Amino acid sequence: MKSYSMLQTSSFTEKQFSDYSRFKHGSKTVARIFGKTLAQKIGQDLFKEQNKSFIIYPAPFNNVPTASSALRDYLLSFLSFEILKSNSKIKQGKVHRLYSYDNDYGRMSKEDRQKAISSDIFSIDKSFILPTDTLVFIDDIKITGSHEERIKELLARENITNEVIFIYFYEYTGDDPVTEDLLNHFCVKNLKDINDIIRNDKFVFNTRVIKFILKADIEEFVSFITYQSDIFQETLYHYSILNEYYNNEKYSVNFSILHSIVTKNNYL
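Quantities reported herein were computed from a predicted structural model and do not represent experimental measurements.

Caption draft 1: Seen up close, the overall build of the protein chain. Secondary structure assignment for the protein chain yields 12 helices and seven strands. Computed over the C-alpha atoms, the radius of gyration of the protein chain is 19 Å, within 12% of the 18 Å expected from 2.2 N^0.38 for a compact globule of 268 residues. Projecting the C-alpha coordinates of the protein chain onto the three principal axes gives extents of approximately 55 × 40 × 40 Å. Residues classed as buried in the protein chain amount to 51% of the 268 residues present. In the protein chain, once contacts between residues fewer than 6 apart in sequence are set aside, the share between residues at least 24 apart is 82%.

Below you can see the structure in the form of structure tokens.
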């Protein structure tokens with residue numbers, strides 16, 4: 001198995017903290033920069049052989065994608081020339097997961113993280129995979145390696161013996177337990193910061209930003225959601241249903257407010 005990382009480090013700069021935080025909360029602008037930078041680093045090596053077939057997987061999710069899906073999309077976009085030149089074939093796959101974590105994964109200890117992820121259920125469509133396919137798993141960061149280990153366990157359980165490549169934008173080599181939380185929330189601490197991303201960056205929904213919005217204080221949520229577009233309100237509503245956040249008491253009050261807004265405005 002091969003592994004690529006755009007950056008391996010035990011210490012991040014202020015700009016890296018800031019960019020990553022915006023990326024994790026829906027900035028397509030930063031996702032595009034990340035995808036281009038990563039493509040420039042790995043493109044020639046990844047496609048140095050001719051006529052290969054790849055299946056590209058973002059991080060596991062159930063119905064609403066994670067931020068890594070935006071990274072995957074832009075990475076493939078900027079790899080288009082290498083794909084064409086090497087006459088490669090690309091398929092996009094999905095690792096299904098049963099749960100979407102209620103707690104912030106970046107705030108978990110290594111032990112709690114491993115416990116949480118070990119209780120999750122991953123699955124993959126074997127019928128989609130040909131013996132000649134190289135499986136490429138893309139994630140934005142590697143901290144403890146827990147996700148990678150679960151993917152390896154999944155492949156072993158399903159007797160999938162294809163060539164496998166793991167690709168990360170960042171790989172944290174330090175041991176400070178608060179680093180991932182700092183990366184996630186360096187410049188996103190409230191809904192005003194989310195609104196700044198929506199107004200100034202191209203925005204895309206993902207699981208993290210949806211949960212961040214829904215768990216905000218009621219007054220802050222009402223002030224925020226009232227001034228968003230009809231399309232934003234409707235999309236947030238439907239994604240919240242798809243991932244069943246309306247059943248979670250942490251999000252239920254704000255979801256009820258959102259439901260009232262959506263139905264009152266006849267979006268449904």
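Caption draft 2: Unusual backbone geometry, seen in detail. The backbone of N51 sits at a positive phi, close to 60 degrees, despite the residue not being glycine. Among the structural elements, N51 can be located in the loop between helix 2 (28–46) and strand 2 (53–57). Phi at N87 takes a positive value of approximately 55 degrees, unusual for a residue other than glycine. Inspection of the secondary structure puts N87 in the loop between helix 4 (80–85) and strand 3 (89–92). A relative accessible area of 44% means that N87 is categorised as partly exposed.

Caption draft 3: A look at the pattern of salt bridges. Within this structure, the stated rule accounts for 13 salt bridges. A salt bridge links K48 to D45; the nearest nitrogen and oxygen atoms lie 3.3 Å apart. The class for K48 is exposed, based on a relative accessible area of 52%. Here K52 ties to E163 by a salt bridge, and the two come within 2.9 Å at their closest N and O atoms. Separated by 111 residues along the polypeptide, K52 in the loop between helix 2 and strand 2 and E163 in the loop between helix 6 (146–157) and strand 7 (164–172) bring together distant segments of the chain. Among the residues examined, K52 registers a relative accessible area of 16% and is labelled buried. Via salt bridges that share partners, K15, D19, R22 and D201 belong to a single interconnected network.

Caption draft 4: Highlighting the packing of helix 10 (residues 218–226) against helix 12 (residues 252–264). With their axes 10 Å apart at the nearest point, helix 10 and helix 12 run at an angle of 30 degrees to one another. What the angle tells us is that helix 10 and helix 12 run roughly parallel. Relative to helix 12, the crossing made by helix 10 is right-handed. In contact with I218, F221, V222 and I225 of helix 10, helix 12 contributes V253, N254, I257, L258 and I261.

Caption draft 5: Main features of the packing of aromatic side chains. Summed over all chains, the structure comprises 21 aromatic pairs. For the pair Y20 and Y170, a centre-to-centre distance of 5.8 Å together with 35 degrees between the ring planes defines the contact as tilted. Here Y170 lies in strand 7 and Y20 lies in helix 1 (residues 14–24), a separation of 150 residues in the sequence. On the accessibility criterion, Y20 (0% relative accessible area) is buried. What makes Y170 buried here is its relative accessible area of 3%. On the basis of an interplanar angle of 80 degrees and a centroid distance of 5.1 Å, the ring pair of F203 and F205 is categorised as edge-to-face. In terms of burial, F203 and F205 fall into one category: buried. Three or more aromatic residues joined by ring pairs form one cluster here, namely F12, F17, Y20, F23, F34, F169, Y170, Y172 and F186. Its end group placed over the ring of F128, K91 keeps NZ or CZ at 4.8 Å from the ring centre. The ring of F122 is capped by R150, whose NZ or CZ atom sits 4.7 Å from the centre of that ring.

Scoring rules and cut-offs
- What you see as residue numbers is a count from 1 along each chain, following the sequence as written.
- Only residues with pLDDT of at least 70 get local features here, since the model is predicted, and only at 80 or more are side-chain atom pairs given and counted; chain-wide, interface and lining totals rely on the full set of residues.
- The side-chain numbers reported here are obtained from all heavy atoms of the structure, hydrogens and water having been left aside.
- Counting from the N terminus, the helices are DSSP H or I runs at least four residues long and the strands are E runs at least two residues long.
- We compute the radius of gyration from the C-alpha atoms alone; for a globule the expected value is 2.2 Å times N to the 0.38, where N is the number of residues.
- Classification of residues uses two cut-offs on accessible area relative to the type maximum, computed with a 1.4 Å probe and protein chains only: under 20% is buried, over 50% is exposed, and between them is partly exposed.
- Note on definitions: a residue-residue contact is assigned when non-hydrogen atoms from the two residues lie within 4.5 Å.
- Whenever a carboxyl oxygen of Asp or Glu lies within 4 Å of a side-chain nitrogen of Lys or Arg, that contact is scored as a salt bridge.
- Between the N-to-C directions of two axes lies an angle of 0 to 180 degrees, each axis being a line fitted to C-alpha atoms and, for a helix, fitted only over the stretch in contact.
- Reported orientations rely on four angle classes, namely roughly parallel under 35 degrees, roughly antiparallel over 145, roughly perpendicular from 65 to 115, and oblique for the rest.
- By the definition used in this description, the sense in which the near helix is turned from the far one sets the handedness, with an anticlockwise turn below a right angle giving left-handed and a clockwise turn giving right-handed.
- Here a pair means two rings of Phe, Tyr or Trp (six-membered ring of Trp) with centres within 6.5 Å. Their orientation is stacked below 30 degrees between planes, edge-to-face above 60, and tilted elsewhere.
- We count a charge as sitting over a ring when the NZ of a lysine or the CZ of an arginine lies within 6 Å of the ring centre and within 35 degrees of the ring normal.

These figures capture arrangement, not role.
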